[in-house]
Amino acid sequence: MIQRVQFVLGAAFSLASLPLAARARSAPKPEQTEKPHVHGRNGVVTLPENRPIEWSMDVLDGPPFKLSAYRGKVVFLNVFATWCPPCRTEAPAVVEFAAAHPDDTAVVGVDVDEEDNDVRAYRKKFGITYPIAMDRYDKIVRGVYREGKMIFPTTIVFRPDGTLSCAWAGDVDVAFFENERKYALGLAD
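Residues numbered from 1 in each chain as written. Predicted model: local features only at pLDDT ≥ 70, side-chain atom pairs only at ≥ 80, totals over all residues. Heavy atoms only, no water.

Asks: Can you lay out the overall build of the protein for me, pointing to particular residues and giving the numbers?
Replies: Counting secondary structure elements, the protein contains three helices and nine strands. Overall, the protein shows an N-to-C arrangement of helices and strands of β-β-β-β-β-α-β-α-β-β-β-α. Taken across its 189 residues, the protein has 52% of its residues classed as buried. Accessible surface, the protein: about 8800 Å² in total, of which carbon and sulfur atoms supply 52%. (Helix = DSSP H or I, 4+ residues; strand = E, 2+ residues; numbered from the N terminus. Buried < 20%, exposed > 50% of the residue type's maximum accessible area, 1.4 Å probe, protein only. Areas by Shrake-Rupley, 256 points an atom, 1.4 Å probe, with all protein chains shown as cover.)

Pasting the structure below:
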């Protein structure tokens, strides 16, 4: 189920220090709505909307992830857990979407507090070729969720200028990712 998100402007730019508060609302699955977009408002995370965000994390078997290194591209951060059934349902769509847009879109998986080998097995099982950032001690990602309540999967999208485009919780399909990519690029209706 998709949960729409309402963002709260905060003075902090560091994700770990962002304020937590408020409620989440549930909405119908994207195929049940006229416009399957969640652009902008959502009750899942608290991030500033109109300022570039910086986010840095270690990456499983790769160089560190730094959000600002992706300026000029739309960035999809897909927060998942290897044990999460909706994450497993969504994984093929995330992989397909990432492969379809290597030039103007970056997809980065984000795993929270799991063993590296478990994440490697998940990566292999689903043929994930995009980087997976690791919040190994659950110190970074939880800070962006309202009330610290993490929901898997959650996807957070940043525009090419590094500002927040949207976020949602729940598994979706490739068409949904495509719509949100177009919106972040300024190509949506």
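Read on for the rest.
Asks: How would you sum up the packing of aromatic side chains? Please name residues and give values.
Replies: Tallied over the entire structure, the rule returns nine aromatic pairs. Ring geometry for Phe76 and Phe177: centres 5.9 Å apart, planes at 70°, overall edge-to-face. With Phe76 in strand β5 (residues 74-80) and Phe177 in helix α3 (residues 174-184), this pair connects stretches of sequence that are 101 residues apart. Both residues of the pair, Phe76 and Phe177, count as buried. Put simply, the rings of Phe76, Phe97, Trp168, Phe176 and Phe177 pair up and form one aromatic cluster. (Phe/Tyr/Trp six-rings, centres within 6.5 Å; stacked < 30°, edge-to-face > 60°.)

Asks: Tell me about unusual backbone geometry, and please be specific about residues and values.
Replies: Note the cis peptide between Phe152 and Pro153, where omega equals -15°. In this structure, Pro153 sits in the loop between β7 (132-135) and β8 (154-158). With phi around 55°, Asp61 is a residue other than glycine that occupies positive phi space. Assignment of secondary structure puts Asp61 in the loop between β3 (56-59) and β4 (62-66). At Asp113, a position not held by glycine, the phi torsion is positive, near 60°. As for its position among the elements, Asp113 is in the loop between β6 (105-112) and α2 (116-126).

Asks: Break down α2 for me, citing the residues and quoting the values.
Replies: Because each turn of an α-helix spans 3.6 residues, side chains separated by three or four positions end up pointing in the same direction. Listing the buried residues of α2 in full gives Val119, Tyr122 and Phe126. Summarising the axial view, the buried residues of α2 lie within an arc of 55°, below the 170-degree limit, and thus occupy one face. Every exposed residue of α2 that faces more than 90 degrees away from the buried side is listed here: Asn117 and Lys124. Lining the buried residues of α2 we find β5, α1 (85-100), β6 and β7. Looking at the residues trailing α2, positive phi occurs at Gly127, about 65°. (Arc of directions from axis to C-beta. Contact = heavy atoms within 4.5 Å.)

Asks: Go over empty space enclosed by the protein, please, and point to the residues and values.
Replies: Tallying each qualifying case throughout the model produces one cavity of 30 Å³ or more. Its boundaries defined by the atoms lining it, the largest cavity holds a volume of some 40 Å³. Asn78, Phe80, Cys87, Glu90, Ala91, Val94, Tyr122, Ile128 and Tyr130 are the residues that line the largest cavity. Elements with a contribution of two residues or more to the lining of the largest cavity: β5 and α1. Sort the elements by how many residues they give to the lining of the largest cavity and α1 lands first, with four residues. Class assignment for the residues of the lining of the largest cavity results in seven nonpolar, one polar and one charged. (1 Å grid on protein atoms, 1.4 Å probe; cavity = no way out; pocket = protein on both sides within 12 Å on 5 of 7 lines; lining within 4 Å. Points joined across faces, edges and corners; volume = space filled by probe spheres on them. Nonpolar A, V, L, I, M, F, W, Y, C, P; charged D, E, K, R; others polar.)

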